[in-house]
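Fold and geometry: a report
In case you want the letters, here they are:
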Amino acid sequence: MTMWKTGWVGSWVFGSLAAAVSFAPVAAMAQSMSPKLIREAEYGTVREVEGEKLMIAVARDGCPAAWQPAGGGPCFETLKSKLTANPIRVLGLYTAPEPRQRIAGRYGSDFSLFTARIENGALVAQRLDLPTSDVTVPRNCYRLNGEGVGYVIAAENGVNVAYESQIASCDGGPETAQGPYYPEGEPILPGSAGVHHRTEELQVSGSVRYLAVTGTTCDKAYQLRKTWCAQPAITYLQNAPGEKEVDLIAARMPVKTGDVLSEKQVDQWVLKRKGRDGFKADSRWIDKSFLSGPSGCWATQSIGWYVSEQKTGQPGDGQYITERAHHICGAPLAPVPVTIFEAYGRELEVVDCAERRGDWRKNESGCPDRLLEVLQRMKVRDATIVVLNEHGRVGDYLHTGGYVSYDVAQVRIGKEGGLDIDVAYSYAPGVYMSNCSPMTDGPSESRGFVLVRSLGVTRAREYQWMACPVY
């Protein structure tokens, strides 16, 4: 009597299957193993997305100091009749532009943005630390490499103005990884429904936290771990008897206001009460962050810890610390177009149990005995075998939801000579194709087996649709 069992495949079974796939020889496969083209790459359309119209201030010799920002810069004198008490954004240039020219490049060197207004009859102009815009790219469009917001110069009533715009790829990625890109069709006008966050850069900050410093003189009442001083944090708990603990960041070295520390230069503590009037600092097992960028923005750098100081003459004055990181906002980077190929892996033995009545795993069907015969013929003690629940022909595809029902079984002969069977209810083909990756969002027919004639018998060849980037 054949002994057998069924069940979900354990983790070690999946591991053994993957290892077998990776090292399976292909020389004995009779039919072609060349990948088959499923779908050519599909490309998006390069479009220009417009933003708002800005006035322009251009640097020039002889500009009155009263019409320049503090410390110098572009001249706002030509705008004095247009500025009001309400601040507006102005494009600042360092050389005079030409009509129909598109200005783009590095912020702060090729161009800058200012907020400008009139206050008590005087110019108040301030350069923005980071660029911002009113360009909102539609949801079906993507950012292109090297293509931020640019400014198209136009002459209106004899005065130059600048129209914000961004070159984007819509409904897919571009044909080339790098520009220059040339827009097709009419520009996409402002106010489109369903858009990404406006295109801009932000410095995103978390909550201000208490700071413990070292290398400074400190009253013993505020000392922690002998060498750290946490006066603001301890003062807070002294004045808030209902609070049990607070977050505390410890600098590993002496610091001064304005320093920016890396994550490796700080420790995260929890300041707690100890006894009647004492305090202690426990290290956190897992660091905690209060920094979260707006939806549609993502960080471009690691978190930095900025040291600041509070001076009010009140209890709790001292140094504090805040986590910050530079973010960019707007449309995500365009996806790389991919060509889809059907690639092939190893071939598995096939056992046809289509004549079964009920579950093939029941021994009265004779199917387990056939599995044992396959192992004996192969002269192995274990193997992965494809079991057909319906008759299949060479060329048939086996996949979830397909017209030929099948199972994948890991079959092994036990120590006592009985047969163990584990059914893989989620089998992943171990197919490899250079510079490509398995298509993870494909339909059910994107992976499985194809029945082939190999060495005079029918076998099940693994297949997987692979996504191959075009660049």
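Residues numbered from 1 in each chain as written. Predicted model: local features only at pLDDT ≥ 70, side-chain atom pairs only at ≥ 80, totals over all residues. Heavy atoms only, no water.

The pLDDT averaged across the chain works out to 89; a share of 91% of its residues lies at or above 70. For the stretch residues 1-30, pLDDT sits under 50, and the model shows 55 contacts to residues farther than four places along the chain or on other chains. (pLDDT = per-residue confidence, 0-100. Contact = heavy atoms within 4.5 Å.)

On to the state of the cysteines, then. Counted by the stated rule, this structure contains six disulfides. Paired by a disulfide, Cys-141 and Cys-170 hold their sulfur atoms 2.0 Å apart. The chirality of the disulfide connecting Cys-141 with Cys-170 is right-handed, given an S-S dihedral of about 100°. Remark: Cys-170 occurs in strand β9 (residues 159-170) and Cys-141 occurs in strand β7 (residues 141-143); sequence separation between them is 29 residues. A relative accessible area of 3% places Cys-170 in the buried class. Shown here is the disulfide that connects Cys-218 with Cys-229, its sulfur atoms set 2.2 Å apart. Judged by the sign of its S-S torsion, about 65°, the bond between Cys-218 and Cys-229 is right-handed. Here the residue Cys-218 occupies a position in the loop between β11 (209-214) and β12 (223-224), and Cys-229 occupies one in strand β13 (residues 228-229), the gap between them amounting to eleven residues. (Disulfide = S-S within 2.5 Å. Helix = DSSP H or I, 4+ residues; strand = E, 2+ residues; numbered from the N terminus. Buried < 20%, exposed > 50% of the residue type's maximum accessible area, 1.4 Å probe, protein only.)

A few words on the nonpolar core. Judged by nonpolar contacts, the single largest core of 29 residues is most densely connected at Leu-224, Leu-248, Trp-269, Leu-271 and Ile-321. Looking at which element gives the most residues to this core, the answer is strand β14 (residues 245-251), with five residues. When sequence neighbours within four positions are dropped, the list of residues in contact with Leu-271 reads Leu-224, Ala-233, Ile-234, Leu-237, Lys-244, Glu-245, Val-246, Leu-248, Phe-279 and Lys-280. Counting residues in hydrophobic clusters, the runner-up holds 21 residues, among them Leu-54, Val-137, Tyr-151 and Ala-168. (Core = buried A, V, L, I, M, F, W, Y, C linked by side-chain atoms within 4.5 Å.)

Moving on: the pairing of strand β22 (residues 382-388). With six of seven residues buried, β22 lies mostly within the body of the structure. With four bridges connecting them, strand β21 (residues 338-352) and β22 associate as parallel partners. Across the sheet, residue Asp-352 finds its bridge partner in β22, namely Leu-388. Pairing geometry for β22 and strand β24 (residues 406-413), over seven bridges, is antiparallel. Bridge pairing links Thr-384 to Gln-410 in β24. (Pairing = 2+ DSSP bridges.)

In this section: helix α3 (residues 367-378). Taking 1.5 Å of rise per residue, the twelve residues of α3 would be expected to cover 16 Å, and the 17 Å separating its terminal C-alpha atoms lies within 8% of that figure. Along α3, the positions that sit buried rather than exposed are Cys-367, Pro-368, Leu-371, Leu-372, Val-374 and Leu-375. Summarising the axial view, the buried residues of α3 lie within an arc of 155°, below the 170-degree limit, and thus occupy one face. Counted as exposed and oriented over 90 degrees from the buried face of α3: Gln-376 and Arg-377. Where the residues of α3 are buried, they touch β21, β22, β24 and β25 (419-423). Following α3 by one or two positions, Lys-379 has its phi on the positive side, about 60°. (Expected span 1.5 Å × (residues − 1). Arc of directions from axis to C-beta.)

With nine bridges joining them, strand β2 (residues 45-58) and β9 adopt antiparallel strand pairing. In the strand pairing of β9, Val-49 is matched with Gln-166. Sheet analysis places β2 next to strand β3 (residues 88-93), joined by four bridges and oriented parallel. In the strand pairing of β3, Met-55 is matched with Val-90.

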